[in-house]
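Summary of the model geometry
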Amino acid sequence: MSTFLFAVVSGILFGVFFSLMAIGLNFAFGVMKIVNLAHGDFVMLGAFGAYYALSTFGINPFETMIMEIVVFLVVGVALYYGIIPRLLRSDDPEMLSLILFFGISQVIEALATLAFGTNPVTLPTNALGQLSFQLFGQAFESSWVISFLVSVVAIGLLYVYLYKTKMGIATRAIMANRDEAAASGIDVNRISAIAFGIALVLAAIAGTLTPFMLGGIYPSVGVNLTITSFSIIVIGSLGNPIGTVVGGLVYGLSLLLMQTYLSSWANMVPYVLLILILLIKPSGLLGKGARNA
Amino acid sequence: MQSRFRKGTLWAAAALSGSMFLAGCGTTTSAPASGPAKTKSPAAEISIGTLYASTGSFATSSMPEYQGLQFWINQVNAAGGTYVKAAGKKEKIRLVSYNDQSSAQTATSLYNQLITVNHVNMLVADFGSVLTSVAVPIAQEHKQLLFDQSGTGTTFFTPNNPYIVLTSLPTSALWPTSLANYLISQHYKNVAIVYCENDFDQSQDQTLTRLLAKAGITPTYNNAVPTSTSSYTVILHNMAATHPQAVIELGYPNNDISFMQALQASGSTFPTTFTIFPGQLPSLFEKNFGMKGLNNMFTYPAPPLFTVQGVNYGMSIAQFEQAFKKQTGSSPNFLNVAGYNTGLILQKTLATATSLSQKSMRQAVTGFSGSITTLDGKFQINNQGAQIGETLPVGQFTVSNGKLKVNFMS
């Protein structure tokens, strides 16, 4: 029983973290209808940022996170204005975005390999605190609980942004129909640029936490992170950021329960869930209803 | 709206499949380290074909092994070449190499390319069992002798396949002998094992559990995980729940690092905790966990952590360390040794084979098997090509006077 409880609680902690990791990818797709195949690489860069800040300058991961929020927001906005308006003017922006961001992913991975080498690196898990948390008689690492809390706050702030601010409402209008939003006077490019910046910020925050949740990081880990993120958003609902939370929880719980009871099959979880969802409910668990809510 | 979702989903699925495919094929345009050979057995040089992984999960191990092989080639060519008995003179070595990016799928096509397009004289496998596993059937099909550097999976060596020789490590079936002996000597009853699903680790697990069973020990936990596993915390928690006296993790370097990170985070301690690669790549593990993190950890120490006595072929470990540092600027690790050792086996093969046919080279290897000892140990193969001359002791890291030391347990 204790093993089951540990797996369930760990699954929830991991699930919320996975939601954070994937939500930026879904947010960018929801607003711009582009698939950022370099999303996992931005997560990887966030992780290496945390590693180098701590190992070289002794900077706490939380301070690094704040710096990365600023840097990734600027990079995201610049990247948007540099490439995305042109992409959206093309006949098939979704397809072209795949090719473009695949290229960006390869460039980031190659540059990261040159900069950081190929060896995996880790951060001491006590960098996020040394206390362990007790729940149901089980001890959970402080880094997991802190990553969970940071993820909840970040996802909550995204929710507040989308539903409680004028810019968020404008963002949702663009998500519903870009042309109609533009016709109603919304500065579609400005709002989309900020949305893309926020998507990268979410990736950076997840990246800062990644070494504590997923172990060693290395430049080519980005592809795996993109696949995981993609699976989660399809499970939840493609284009619906809030559905990602559901997708993340389903994924986290499934993965951790599989690791506990059928460990050799654990890594098949994302693919099996992906196939099942595509066969049974292609619009994802929250699908259309939640999107329009 | 739903059709929009469906379209997006399908696009993204196609994209990820495409990206996986393209990532796998990314190296097909890479130029070889030197131009590809167009004819077999050029008179003035010997072509050696190999793969390396400069990115991906095996880069950590593949690149140092490749550097070791390159070091040997540089040494040989600087000396005017190596003696080739079939030609009756010294010939230089030309390396034809491609980057498989740690992808077995990419490696499959590149091994084929080395044999059928580049027509290399000698074929050398990339690091480890995963990237070697695809080379074994290809080499056998083309009747090309595969010099397997470190793919130690027992399934590679079968009576009907004469086209494989393991050069730089004993077959996986032999690795855990010393570990099992140590565990039995400690009278442990509760042993927990986690291993990765690949030939290298699976065959070790099979041997270890078989030897323990002979001593009446049944592991309280013995489960496989995918080789790509990066988070071991829940697995470690489940192992700890069985109150083991020894926790054994069998994986590749990335697995060992993730496992040790989880161990450090959990604060759990066990009388014996064993992982494979700290003994082969101590500096990598020390960089990640410090001496404190390695203190008391059990492992398989390998040269240069110990010195092989009675070396009668090639450099001694001290000479190698000095020359390697001079050439590359960095201190060698075991995988550098393994790559260099492969070069020595190629060199001895060329010096004794009466022709450059693959069968003749295989006969030559059988002929000098058991008679040479390199800095890596005694080179001896069985009739299936598996290396059985080398042994891997069990050692325990300790910190003494601010230095990391290894105490040998067997």
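Residues numbered from 1 in each chain as written. Chains lettered and ligands numbered in written order. Predicted model: local features only at pLDDT ≥ 70, side-chain atom pairs only at ≥ 80, totals over all residues. Heavy atoms only, no water.

Within chain B one finds 13 helices and 15 strands. Across the 410 residues that make up chain B, the buried fraction comes to 58%. Looking at chain B alone, contacts between residues at least 24 apart form 68% of all its contacts between residues at least 6 apart. Surface accessibility of chain B: about 14700 Å² in total, with carbon and sulfur atoms responsible for 52%. (Helix = DSSP H or I, 4+ residues; strand = E, 2+ residues; numbered from the N terminus. Buried < 20%, exposed > 50% of the residue type's maximum accessible area, 1.4 Å probe, protein only. Contact = heavy atoms within 4.5 Å. Areas by Shrake-Rupley, 256 points an atom, 1.4 Å probe, with all protein chains shown as cover.)

For chain A, the helix and strand inventory stands at twelve helices and two strands. Listed by position from the N terminus, the elements making up chain A come as α-α-α-α-β-β-α-α-α-α-α-α-α-α. Radius of gyration (C-alpha) of chain A: 19 Å, near the 19 Å computed for a compact globule of 293 residues. Counting over 293 residues, chain A shows a buried share of 58%. For chain A, the exposed area adds up to about 11200 Å²; of that, 71% sits on carbon and sulfur atoms. (Rg over C-alpha atoms; globule rule 2.2 N^0.38 Å.)

A few words on the domain arrangement of chain A. Residue and element names in this part refer to chain A. Partitioning chain A into structural domains gives domain 1 (23-104 + 140-219) and domain 2 (223-293). Between the C-alpha centres of domain 1 and domain 2 the distance comes to 19 Å. Contact residues are listed per partner, giving 23 residues for domain 1 and 16 residues for domain 2. Of the roughly 1500 Å² buried between domain 1 and domain 2, counting both surfaces, carbon and sulfur atoms make up 68%. It is Ile23, Leu25 and Asn26 in domain 1 that bury the most area against domain 2; as a group they hold 33% of the surface buried on that side. For the interface between domain 1 and domain 2, the tally reads zero salt bridges. At the boundary of domain 1 and domain 2, one finds five residue pairs in polar contact (both at pLDDT 80 or more). At the level of secondary structure, the elements contributing two or more residues to the side of domain 1 that touches domain 2 comprise helix H1 (2-32), helix H2 (39-57), helix H5 (142-164) and helix H6 (166-176). (Domains from an automatic or database assignment. Buried area = accessible area lost by both parts, 1.4 Å probe. Salt bridge = Lys/Arg side-chain N within 4 Å of Asp/Glu carboxyl O. Polar contact = N/O pair within 3.5 Å; in protein donor to acceptor, adjacent residues only side chain to side chain.)

So, about the interface of chain A and chain B. Facing the 53 residues of chain A at the interface are 49 residues of chain B. Our count for the chain A to chain B interface comes out at zero salt bridges. Viewed at the interface, chain B and chain A are joined by twelve residue pairs in polar contact (both at pLDDT 80 or more). Of all the secondary-structure elements, those providing two or more residues to the side of chain A that touches chain B are H1, helix H4 (93-116), helix H8 (188-214), helix H9 (221-236), helix H10 (241-261) and helix H12 (287-292) of chain A. The residue makeup of the side of chain A that touches chain B, split by class, is 27 nonpolar, 19 polar and seven charged. (Nonpolar A, V, L, I, M, F, W, Y, C, P; charged D, E, K, R; others polar.)

Residues and elements named next belong to chain A. The contact between H1 and H5 brings their axes to 9 Å, and the two run at 40 degrees. One way to sum up the angle between H1 and H5 is to call them oblique. Along this stretch, H1 crosses H5, giving a crossing that reads as left-handed. Seen from H1, the contacting residues are Phe6, Ser10, Ile12, Leu13, Phe14, Val16, Phe17, Ser19, Leu20, Ile23 and Phe27; seen from H5, they are Trp144, Val145, Phe148, Ser151, Val152, Ala154, Ile155, Leu158, Tyr161 and Leu162. Partitioned by chemical class, the residues of the contact of H1 with H5 number 18 nonpolar, three polar and no charged. (Axes fitted to C-alpha atoms, helices over the stretch in contact; angles between N-to-C directions. Parallel < 35°, antiparallel > 145°, perpendicular 65-115°, else oblique. Left-handed = near helix turned anticlockwise from the far one by under 90°.)

All names here are of chain A. Together, Phe4, Tyr261, Leu262, Trp265, Met268, Val272, Ile275, Leu276, Leu279 and Ile280 give the surface a local cluster of nonpolar side chains, amounting to about 1000 Å² of exposed area. With five residues, the single largest contributor to the nonpolar patch is helix H11 (residues 269-280). For methionine 268, the location among the structural elements is in the loop between H10 and H11. (Patch = residues over 30% accessible without salt bridge, like charges linked within 9 Å, V, L, I, M, F, W, Y side chains within 5 Å.)

Residues and elements named next belong to chain B. Counted according to the given criterion, the structure contains 33 aromatic pairs over all chains. When the centroid spacing of 5.1 Å and the interplanar angle of 85 degrees are considered together, the rings of phenylalanine 58 and tyrosine 252 count as edge-to-face. Taken together, the residues span a long stretch of sequence, with phenylalanine 58 in the loop between strand S1 (45-52) and helix H2 (59-78) and tyrosine 252 in the loop between strand S9 (246-250) and helix H9 (253-266) at a distance of 194 residues. Judged by relative accessible area, which is 7%, phenylalanine 58 ranks as buried. Residue tyrosine 252 is classed as buried on the basis of its relative accessible area of 3%. (Phe/Tyr/Trp six-rings, centres within 6.5 Å; stacked < 30°, edge-to-face > 60°.)

Moving on, we get to the nonpolar core. As a rule of thumb, soluble globular proteins bury nonpolar side chains together. With 121 residues, the main nonpolar core has Trp72(B), Leu183(B) and Ile248(B) as its most contacted residues. Both domains that furnish three or more residues to this core are identified here as domain 1 (46-170 + 309-379) and domain 2 (176-305 + 395-408) of chain B. Those residues in contact with Leu183(B) that lie beyond four places of it in its chain are Tyr188(B), Val191(B), Leu208(B), Leu212(B), Ala246(B), Ile248(B) and Thr272(B). Residues Phe18(A), Ile191(A), Ala199(A) and Leu274(A) belong to the second largest nonpolar core, which totals 95 residues. (Core = buried A, V, L, I, M, F, W, Y, C linked by side-chain atoms within 4.5 Å.)

This part is about H9(A). Look at H9(A): 23 Å from first C-alpha to last across 16 residues, which is about the 22 Å you get at 1.5 Å a residue. With 15 of 16 residues buried, H9(A) is to be regarded as a mostly interior element. (Expected span 1.5 Å × (residues − 1).)

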